[in-house]
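# Structure at a glance
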Amino acid sequence: MEYHPLTQAIRLQTERTNEMEHSTPMFLTSSFLFDNAEDMRAAFADETDDNIYSRFSNPTVQEFTDKMCVLEGAEAGHSTASGMSAVFASFMALLKAGDHLLACNSIFGSTHTIITKYLPKYGIEYSYVSADNPEEWEAAIRPNTKMLYIETPTNPGLDILDLEVIGKLTKKHNIILNVDNCFATPVNQRPIEFGADLVVHSATKWIDGQGRVLGGVVVGKKELIKEIFLFCRSSGPALSPFNAWVLSKSLETLDVRMERHAANALAIATKLQNHPKLASVKYPFLPSHPKMEIARKQMKNGGGLFCFELKGGLDSGRKFLDSLKLMSLTANLGDTRSIASHPASTTHAKLTEQERQAVGITPGLIRISVGLEYVDDILNDILQALEKC
Ligand SMILES: *Cc1c(COP(=O)(O)O)cnc(C)c1O
């Protein structure tokens, strides 16, 4: 019998050892033994899928990958040391000199750096399309466009892209659709159902959910994952088995955690909507969000992030952060602890003012990653900090 993905996220685990452990074991080992020369030869010749070395494969890492494949509805996957190594591997394994990468302009800061600074060194062309004008995307496709890279909800503006429309567009032009699903997580949104060929994740965020370890994963079409695996096997961004064990255990609670993160975020964003210090509040499931209908079509809940725009701009933004008593100022999101950030002065500071404007990062934009603290304590911390802005 095939269990529901949420059951498999809990029950799928590495084969039980003779110790009869109940929780999943951790294989913290660099390499694996062979009984004899013939078995070792066969493993190296890829005639068996025996583990050889943890840069290539490791049972604990595989357990995490397998759960992610089930949750995303993917044929295959490969886990990496961080989200960025998953993103980078998905580019390097599948793009070559002369290819063109089309990307949405509102993407994670380091992904933007890879695309604009490093890919051109290898002769890979790129161009950006705007999250605001999806109707212009088709015209941006070139004969050598090989991949379309997007995030939805976008970072940090929480714009929503229509996965169904984009899935159809990439099928029509035979382009690989690569979706960073970090913000939504697979319990909330499954891009493969809408036509994505690859889904990348920073497991560091909601998947760990407790701010402990770095990790990344890419899942999708078998033949594409094969190339990504071969690239990673040789270049080495292997996920530590320890981190994989932490992340695999975290997947057991991902769905219930995300439900509470989203319920808290919706409640707080709703209450802040008409606050006199705020120019706007943005959350995918708020009726004021311009793409709420699309968000509700493709997401189970609105996720754990919301953002708002302080009327007072940059100075107010800094004052707000300095006035918080409960919330953390830290370079992460997707934690049990609520986190406030000011993208213009931190994650997106390397972009030019023009680039920031193009992706909606205004000086007074504050992004909140809503934690699992008691909801009124989070709200009250925001309210008292707003008083001081
Ligand atoms: C954090 C993040 C990444 C990068 O992941 P790391 O695990 O930090 O390498 C990529 N995409 C998004 C949307 C992120 O938030």
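Criteria and thresholds
- Residues numbered from 1 in each chain as written.
- Predicted model: local features only at pLDDT ≥ 70, side-chain atom pairs only at ≥ 80, totals over all residues.
- Heavy atoms only, no water.
- 1 Å grid on protein atoms, 1.4 Å probe; cavity = no way out; pocket = protein on both sides within 12 Å on 5 of 7 lines; lining within 4 Å.
- Points joined across faces, edges and corners; volume = space filled by probe spheres on them.
- Helix = DSSP H or I, 4+ residues; strand = E, 2+ residues; numbered from the N terminus.
- Nonpolar A, V, L, I, M, F, W, Y, C, P; charged D, E, K, R; others polar.
- UniProt positions renumbered as here; feature names shortened; annotations may be inferred.
- Contact = heavy atoms within 4.5 Å.
- Domains from an automatic or database assignment.
- Salt bridge = Lys/Arg side-chain N within 4 Å of Asp/Glu carboxyl O.
- Polar contact = N/O pair within 3.5 Å; in protein donor to acceptor, adjacent residues only side chain to side chain.

A separate point is the layout of surface pockets. The space that makes up the largest pocket amounts to roughly 810 Å³. Lining the largest pocket we find 33 residues, and of these Asp49, Phe56, Ser57, Gln62 and Phe229 sit closest to its centre. Looking at the lining of the largest pocket, the elements with two or more residues in it are helix H2 (37-44), helix H3 (59-72), strand E1 (76-80) and helix H7 (222-235). Considering only residue class, the lining of the largest pocket consists of 14 nonpolar, 10 polar and 9 charged. Space inside the second largest pocket adds up to approximately 510 Å³.

This part covers the UniProt feature "modified residue: N6-(pyridoxal phosphate)lysine" (unreviewed entry) in the protein. Following the UniProt record, one finds the feature "modified residue: N6-(pyridoxal phosphate)lysine" (unreviewed entry) at Lys205. Relative to the elements of secondary structure, Lys205 occurs in the loop between strand E6 (198-202) and strand E7 (216-220). Setting aside residues up to four positions removed in sequence, Lys205 forms contacts with Phe108, Cys182, Asn332, Leu333 and Gly334.

Here the protein is described as being made up of domain 1 (5-15 + 24-251) and domain 2 (254-387). Computed from C-alpha atoms alone, the centre-to-centre distance between domain 1 and domain 2 is 26 Å. Joining domain 1 to domain 2, the criterion identifies 3 salt bridges. The shortest N-O distance in the salt bridge between Lys297 and Glu164 comes to 3.0 Å. Linking domain 1 with domain 2 are 18 residue pairs in polar contact (both at pLDDT 80 or more), by the criterion used here. Of all the secondary-structure elements, those providing two or more residues to the side of domain 1 that touches domain 2 are helix H5 (109-118), helix H6 (163-172) and helix H8 (241-251).

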